Amino acid sequence: MTENLNQRQADDGLTDLAELSAGELELSERAALRRVAGLSTELSDITEVEYRQLRLERVVLVGVWTEGSAAQSEASLAELARLAETAGSQVLDGLVQRRDRPDPATYVGSGKVRELSGVVASAGADTVICDGELSPSQLRQLEEKLKVKVIDRTALILDIFAQHARSREGKAQVELAQLQYFLPRLRGWGAALSRQAGGRAGGGTAGVGLRGPGETKIETDRRRIRNKISKLRKEIAAMSTVRETKRGRRVANETPSVAIAGYTNAGKSSLLNALTGAGVLVEDALFATLDATVRRTTTPDGLPYTLTDTVGFVRHLPHQLVEAFRSTLDEVADADLILHVVDGSDANPEWQVEAVREVLGEIADRREDRLPTELVVVNKVDAANEVALARLRHLLPGAMFVSAHTGVGIDELRERIAELVPRPSVEVEVLVPYTRGELVARVHREGEVLVERHTEQGTVLQAKVKADLAGRLENFSVNGTSA
């Protein structure tokens, strides 16, 4: 009896597992891989690259307020705290320094460094995260004075991307961005600055061209990283060719494409699930999903189109990531319509809109092309108050207000998408014999039927279709010509 009970429980577990979507399975797997405080597998004898490995456990945040209001500065530090928590850290404290510009030596100035050192010591922190991109000299100065690990906002975002990348292309893109970031920040100490023996130092038999002081280990590391960067760029270019081929098929079939873009954690993946039932990963975290997901769906009147969920944006998105994720971001520029998703429950949604449009502008400038039509979609209206929503309606005229969680406004959004996606443009009037019913079905599936009636000879259709289908119907045109 006990064995039968255990077997039934095991079967129930397998049934529950089979019912989970791919996103739910990934979320369970991600939740099971949490960092355990006090445990470390970091080597004691480490190289320069391994030394730059992020070890985020107990952190103190520090920012420089150079422009904007105090509320904007606090919101920026609060976002940095969410990024740190997403990376697996415990945020202990945060400091903000008011300056005209960051200090070129220590980022926050010598006085603030002493104060920061006291906060780090009293809190027992082992990492300091700066809300900005540090130069190599600033990084070195801060670590020497604070005696703890120091990283910047860029390195933190790169660490999150490295944790969340799932596909082969995504992992290669993140690795490329990390290597481009770490290359100018490599540094050596102790034996790492020793030189390889060459010329007479190597026994006098090295030969012509090899005499001299030799090559330091850090120079060797830099050369290896440059070689790896070159290799990754070739791999990503090859993977981009596959992506272009798939995109080319959709273009050849004239299937309209809609790209979902927006600030990180605005609910892009939730919206994709609500519109298509894709079942992709949904998590209340920054940069939860990185890999572009393409799903096929139809408008309420049956017109097929594709929806693409792209990587989320953030303020000061590292330029290394914009460069590495070029092929993914091109999905936005090549779309027929952009759904710009905004988090309606955020305290400052207009900052999100500004940050996203800044990155989209960079994409358009690089391609020297205009961006597609933009439809702003304010998500999470179920978590926003009415005053904030009224303000957004004033700031974003023409925007759609929805909740991917509760389904509010989703049907209206589908109708609006149907109005904005490109429609078949070739109008035909044909008499299709009853023996060619597959053509009638295809007109209904891919085109827009204006008039349909049945006669003794066959089905008379007046419809708008795509160019390739119009060619197939040319032999059945009324009076021998298409309308």
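Glancing now at the pattern of salt bridges. Enumeration over the complete set of coordinates arrives at twelve salt bridges. In this structure, the salt-bridge partner of Lys380 is Asp343, at a minimum N-O distance of 3.5 Å. Of this pair, Lys380 sits in the loop between strand E9 (373–379) and helix H14 (386–395) while Asp343 sits in strand E8 (residues 337–343), and the two are 37 residues apart along the sequence. Measuring nitrogen to oxygen at the nearest pair gives 2.6 Å for the salt bridge that ties Arg391 to Glu350. Of this pair, Arg391 sits in helix H14 while Glu350 sits in helix H13 (residues 349–367), and the two are 41 residues apart along the sequence. Residue classification places Arg391 among the partly exposed residues on the basis of a relative accessible area of 39%. Judged by relative accessible area, which is 24%, Glu350 ranks as partly exposed. Overlapping salt bridges, with partners in common, bring together Glu79, Asp131 and Arg153 in one network.

By definition, the strands of a sheet pair up through backbone hydrogen bonds, in either a parallel or an antiparallel sense. Ordered by their spatial adjacency, three strands build an open sheet running E11-E13-E12, and the pairing between neighbours is antiparallel. The open sheet has two edge strands with one neighbour each: strand E11 (426–432) and strand E12 (448–454). Across the sheet, the mean angle from the axis of one strand to that of its neighbour is 10°, orientation sign disregarded. Pairing analysis gives seven bridges linking E11 to strand E13 (residues 459–465), with the strands arranged antiparallel.

Time to look at the pairing of E8. Burial of E8 is extensive: seven of the seven residues sit out of reach of the surface. Burial along E8 is two-sided: the residues Leu337, Leu339, Val341 and Asp343 and Ile338, His340 and Val342 are all buried. Bridge count between E8 and E9: seven bridges; the pairing is parallel. In the sheet register, His340 faces E9, and the bridge partner there is Val376.

Take helix H4 (residues 70–86) next. Taking 1.5 Å of rise per residue, 17 residues should cover 24 Å, and H4 covers 24 Å from first to last C-alpha, within 8% of that figure. The complete set of buried residues in H4 reads Ser73, Ser76, Leu77, Glu79, Leu80, Ala81, Leu83, Ala84 and Thr86. In this structure, the buried side of H4 is in contact with strand E1 (58–65), strand E2 (90–98), strand E3 (127–130) and helix H7 (153–164). Of the residues one or two after H4, Gly88 is the one with positive phi, at around 105°.

Taken in spatial order, the four strands make up an open sheet running E2-E1-E3-E4, and their pairing is parallel. Of all the strands in the sheet, the pair left with one neighbour each is E2 and strand E4 (149–152). Neighbour-to-neighbour, the strand axes of the sheet open up by a mean angle of 20°, direction not taken into account. Direction of pairing for E3 relative to E4: parallel, over a ladder of four bridges. Its bridge partner being in E4, Cys130 is matched across the sheet by Asp152. Taken strand by strand, H4 contacts E1, E2 and E3, and its axis lies near 150° from that of E1. The strands touched by helix H6 (residues 136–146) are E3 and E4; relative to E4, the strand with the most contacts, the crossing angle is about 150°.

About the criteria used
- Residues numbered from 1 in each chain as written.
- Predicted model: local features only at pLDDT ≥ 70, side-chain atom pairs only at ≥ 80, totals over all residues.
- Heavy atoms only, no water.
- Salt bridge = Lys/Arg side-chain N within 4 Å of Asp/Glu carboxyl O.
- Helix = DSSP H or I, 4+ residues; strand = E, 2+ residues; numbered from the N terminus.
- Buried < 20%, exposed > 50% of the residue type's maximum accessible area, 1.4 Å probe, protein only.
- Pairing = 2+ DSSP bridges.
- Axes fitted to C-alpha atoms, helices over the stretch in contact; angles between N-to-C directions.
- Expected span 1.5 Å × (residues − 1).
- Contact = heavy atoms within 4.5 Å.

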